[in-house]
Amino acid sequence: MLSIEEFCELCCKPDVQVVDLRRDNERSKDGFLEFAKHIPLDVLVGMDLQKDLDVSKKIIFHCKAGGRAARAAKMLRESGIENVDYVRGDFLKIKEQLK
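None of the values given here were measured: they were computed from a predicted structure.

A short note on the environment of Arg 77
Summarising the element assignment, Arg 77 is placed in helix H5 (residues 67-78). Each residue touching Arg 77, except ones within four places of it in the same chain, is listed here: Glu 82, Val 84 and Asp 85.

Looking at the environment of Leu 98
Within the secondary structure, Leu 98 sits in helix H6 (residues 91-98). Considered as a pair, Leu 98 and Gly 66 are 32 residues apart in the sequence and their alpha carbons are 17 Å apart. Ignoring anything within four residues of it in the chain, the contact list for Leu 98 reads Phe 7, Cys 8, Cys 11, Leu 33 and Phe 35.

Some words on the side chain of Arg 22
Mapping Arg 22 onto the fold places it in the loop between strand S1 (16-20) and helix H2 (24-30). Among the polar contacts listed, one links the side chain of Arg 22 to the backbone oxygen of Gly 31, at a separation of 2.8 Å. Apart from residues lying up to four places away in sequence, Arg 22 is in contact with Arg 27, Asp 30, Gly 31, Phe 32, His 38, Pro 40, His 62, Cys 63, Lys 64, Arg 68 and Phe 91.

Conventions and cut-offs
- Residues numbered from 1 in each chain as written.
- Predicted model: local features only at pLDDT ≥ 70, side-chain atom pairs only at ≥ 80, totals over all residues.
- Heavy atoms only, no water.
- Helix = DSSP H or I, 4+ residues; strand = E, 2+ residues; numbered from the N terminus.
- Contact = heavy atoms within 4.5 Å.
- Polar contact = N/O pair within 3.5 Å; in protein donor to acceptor, adjacent residues only side chain to side chain.

The structure is reproduced here in structure tokens:
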């Protein structure tokens with residue numbers, strides 16, 4: 001689990017893939033990070049994770065508060081993908097920190 005500060009240090013590195021798990025309406029309401037790949041959690045559950053994610057990079061999930069991101073990280077670890085983490089914290093604080 002990453003703090004907001006740790007996430008902000010890592011998120012734009014070339015060996016990191018950030019995945020936004022929020023629904024479309026959340027992104028419309030609160031905005032989004034330009035560099036994050038958008039895959040809602042309910043879509044991620046049905047994906048071929050090895051094929052559809054760049055597992056050569058560290059994958060960091062974020063959502064609105066951290067709950068979905070924690071579930072996604074656990075799901076990937078259980079499928080054998082170890083280089084995964086998530087940020088716990090309010091998305092609006094993440095956006096503010098990155099300004």
